[in-house]
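Reading the structure
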Amino acid sequence: QVHLVESGGRLVQVGGSLRLSCVAFGVTFSSYTMGWFRQAPGKEREYVGSIFGNGASTTYGDSVKGRFTISRDNAKNTVYLQMNRLKPEDTAVYYCAARPDSYSVFDSWGQGTQVTVSS
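Reading the values: the criteria
Residues numbered from 1 in each chain as written. Predicted model: local features only at pLDDT ≥ 70, side-chain atom pairs only at ≥ 80, totals over all residues. Heavy atoms only, no water. Buried < 20%, exposed > 50% of the residue type's maximum accessible area, 1.4 Å probe, protein only. Helix = DSSP H or I, 4+ residues; strand = E, 2+ residues; numbered from the N terminus. Pairing = 2+ DSSP bridges. Disulfide = S-S within 2.5 Å. Phe/Tyr/Trp six-rings, centres within 6.5 Å; stacked < 30°, edge-to-face > 60°. Lys NZ or Arg CZ within 6 Å of the ring centre and 35° of its normal.

1. As for the pairing of strand S1 (residues 3-7)
Taken residue by residue, a regular strand's side chains alternate between the two faces of the sheet. Residues Leu 4 and Glu 6 point to one face of S1 and are all buried, whereas His 3, Val 5 and Ser 7, pointing to the other face, are not buried. With five bridges joining them, S1 and strand S3 (residues 18-25) adopt antiparallel strand pairing. Opposite Ser 7, over in S3, you have Ser 21 as the bridge partner.

This is the structure in structure tokens:
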């Protein structure tokens, strides 16, 4: 299991922007697909997006496509989630996740960071 540490969650206003960061420790980072998920109280965990180990490919959930961007800096073992044009429905705990590129299931998870979008 990869140790993941997230940061950047805070209160923001509707239409604002925020960038979350996640640092991975003790792995060959470029061999791991990194993902972002979110979960609001009473709702199931939702897929936000992911990025392949070498950064060549990204995917996004329909609810955030066009507003959120995932990037990574393998020299810093860090993945980012840039969130723009935030909406109240983006309010959730955001989780960083990791899996080896060859796996189909994320098996390492961060502790979560709270993002609240006020209207």
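So much for the structure itself; the text now carries on.
2. Focus: the state of the cysteines
The final tally for this structure, using the stated rule, is one disulfide. There is a disulfide in this structure between Cys 22 and Cys 96, and the S-S distance comes to 2.1 Å. Sign of the S-S torsion, about -80° for the bond between Cys 22 and Cys 96, identifies this disulfide as left-handed. You can see Cys 22 sitting in strand S3 and its partner Cys 96 sitting in strand S9 (residues 92-100), a full 74 residues away along the chain. Take Cys 22 and Cys 96: they sit in the same class, and that class is buried.

3. Comments concerning the packing of aromatic side chains
Applying the stated criterion to the full structure yields three aromatic pairs. An angle of 70° between the planes, with centres 5.5 Å apart, marks the rings of Phe 37 and Tyr 47 as edge-to-face. Of this pair, Phe 37 sits in strand S4 (residues 32-39) while Tyr 47 sits in strand S5 (residues 46-51); the two residues are 10 residues apart in sequence, bridging distant segments of the chain. Among the residues examined, Tyr 47 registers a relative accessible area of 29% and is labelled partly exposed. An angle of 80° between the planes, with centres 5.4 Å apart, marks the rings of Phe 37 and Phe 106 as edge-to-face. Remark: Phe 106 occurs in the loop between S9 and strand S10 (108-109) and Phe 37 occurs in strand S4; sequence separation between them is 69 residues. Since its relative accessible area comes to 14%, Phe 106 is described here as buried. A network of ring pairs unites the aromatic residues Phe 37, Tyr 47, Phe 106 and Trp 109 as a single cluster. The lysine or arginine in question, Arg 45, covers the ring of Tyr 95, its NZ or CZ lying 4.3 Å from the ring centre. Above the plane of the ring of Phe 29 lies Arg 72, whose end atom (NZ or CZ) is 4.2 Å from the centre.

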